[in-house]
Amino acid sequence: MLIFQHRLEHDAGIPQWRLSLTAEERCRSRHRFDKEGVPPLFFQLPRGTVLNPGDYLQARSGEILQILAAPEDLLHVSSDNPLDLLKAAYHLGNRHVSLEVSQHYLRLAPDPVLEALLATLNVTVVTVTEPFFPEPGAFHRH
């Protein structure tokens, strides 16, 4: 098993492996990953580490791994009226939902209760499969 303990501060060149991770997986600083196309990996990174697509990690034995963002099924919320989108963001934030926020849309993990809530608002909700980049939160440090 390869143990990755260090995030490299710069582009490390050509990595031996690339690993696609969901948003939740990119927040795991101590975790074993058994994914297709790569050998078993263990992250032993400083607690609180959040990985970003394009980050490079180095194993104890010198191998380099590049992090990618895996596509995920998401609810994509949009509206022609910015105020309606802002109201939807308010209601979702009031429920402490991990939320990707953009000027033109919101994205969140599928949840039938939240989807029913959104149906009561003047927004459009569709399912998409895209990488997920939720807001890190007020107390997150890079």
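What counts as what
Residues numbered from 1 in each chain as written. Predicted model: local features only at pLDDT ≥ 70, side-chain atom pairs only at ≥ 80, totals over all residues. Heavy atoms only, no water. Helix = DSSP H or I, 4+ residues; strand = E, 2+ residues; numbered from the N terminus. Buried < 20%, exposed > 50% of the residue type's maximum accessible area, 1.4 Å probe, protein only. Contact = heavy atoms within 4.5 Å. Lys, Arg positive; Asp, Glu negative; His and termini not counted. Charge placed at Lys NZ, Arg CZ, Asp CG, Glu CD. 1 Å grid on protein atoms, 1.4 Å probe; cavity = no way out; pocket = protein on both sides within 12 Å on 5 of 7 lines; lining within 4 Å. Points joined across faces, edges and corners; volume = space filled by probe spheres on them. Nonpolar A, V, L, I, M, F, W, Y, C, P; charged D, E, K, R; others polar. Salt bridge = Lys/Arg side-chain N within 4 Å of Asp/Glu carboxyl O. Arc of directions from axis to C-beta. Polar contact = N/O pair within 3.5 Å; in protein donor to acceptor, adjacent residues only side chain to side chain. Expected span 1.5 Å × (residues − 1). Phe/Tyr/Trp six-rings, centres within 6.5 Å; stacked < 30°, edge-to-face > 60°.

A.B. asks: What is the right way to look at the overall build of the chain in this model?
C.D. replies: For the chain, the count of helices and strands is 2 helices and 10 strands. Taken over 142 residues, the chain has a buried fraction of 35%. Contacts in the chain between residues far apart in sequence, at least 24 positions, make up 63% of those at least 6 positions apart. Both charge centroids of the chain, one from 13 positive and one from 17 negative side chains, sit 9 Å from each other.

A.B. asks: Looking at this structure, I do not really get the layout of surface pockets. What am I missing?
C.D. replies: One way to see where empty space is left: roll a probe the size of a water molecule over the atoms. Each pocket or cavity is described by its volume, and for the second largest pocket that value is around 170 Å³. Lining of the second largest pocket is provided by Ser79, Asp80, Pro82, Leu85, Leu86, Ala89, Val101, Ser102, Gln103, His104 and Leu106. In terms of residue class, the lining of the second largest pocket is built from 6 nonpolar, 4 polar and 1 charged.

A.B. asks: Sorry, what's going on with the pattern of salt bridges here?
C.D. replies: If charged atoms from side chains of opposite charge come close, those side chains can pair. Going through the model one piece at a time under the given rule, you end up with 4 salt bridges. In this structure, aspartate 55 engages arginine 7 in a salt bridge whose closest nitrogen and oxygen atoms are separated by 2.7 Å. On the criterion of sequence distance, the pair formed by aspartate 55 in the loop between β4 (41-44) and β5 (56-59) and arginine 7 in strand β1 (residues 2-7) is long-range, its members being 48 residues apart. For aspartate 55, a relative accessible area of 15% gives the class buried. Residue arginine 32 is joined to aspartate 34 by a salt bridge in which the shortest nitrogen-to-oxygen separation is 2.9 Å.

A.B. asks: How should I be thinking about the environment of leucine 117 in this particular structure?
C.D. replies: When you line up the elements, leucine 117 lands in helix α2 (residues 112-119). The class for leucine 117 is buried, based on a relative accessible area of 18%. Sequence spacing of leucine 117 and leucine 75 is 42 residues, and the spatial spacing of their C-alpha atoms is 12 Å.

A.B. asks: What is the right way to look at α2 in this model?
C.D. replies: The periodicity of an α-helix, 3.6 residues per turn, causes residues three or four places apart in sequence to face the same way. Taken as a whole, α2 has its buried residues at Leu114, Leu117 and Leu118. Down the axis of α2, the buried side of the element spans an arc of 95°, and every buried residue falls inside it. Within α2, the exposed residues directed more than 90 degrees away from the buried face are Pro112, Val113 and Ala119. Of the surrounding secondary structure, the elements contacted by the buried residues of α2 are β7 (71-78), α1 (82-93), β9 (106-108) and β10 (124-131). For α2, the N-terminal cap is aspartate 111; the gap from its side-chain oxygen to the backbone nitrogen of valine 113 is 2.8 Å.

A.B. asks: Please clarify how α1 should be interpreted in this entry.
C.D. replies: With 12 residues, α1 should reach 16 Å at 1.5 Å per residue; the first-to-last C-alpha distance of 16 Å fits that figure. The inward-facing, buried residues of α1 contact β7, β9 and α2. The opening residue of α1 is asparagine 81, an N-cap whose side-chain oxygen sits 2.8 Å from the backbone nitrogen of leucine 83.

A.B. asks: Where do I start with the packing of aromatic side chains in this structure?
C.D. replies: Think of a pair of aromatic rings as described by two things: how far the centres are apart, and how the planes are tilted against each other in angle. If you walk through the whole model with that rule in mind, you get 2 aromatic pairs. Between phenylalanine 4 and phenylalanine 43 the ring centres are 6.4 Å apart and the planes differ by 80°, which places this aromatic pair in the edge-to-face class. Here the residue phenylalanine 4 occupies a position in strand β1, and phenylalanine 43 occupies one in strand β4, the gap between them amounting to 39 residues. Grouped by ring-pair contacts, the aromatic residues Phe4, Phe33 and Phe43 constitute a single cluster.

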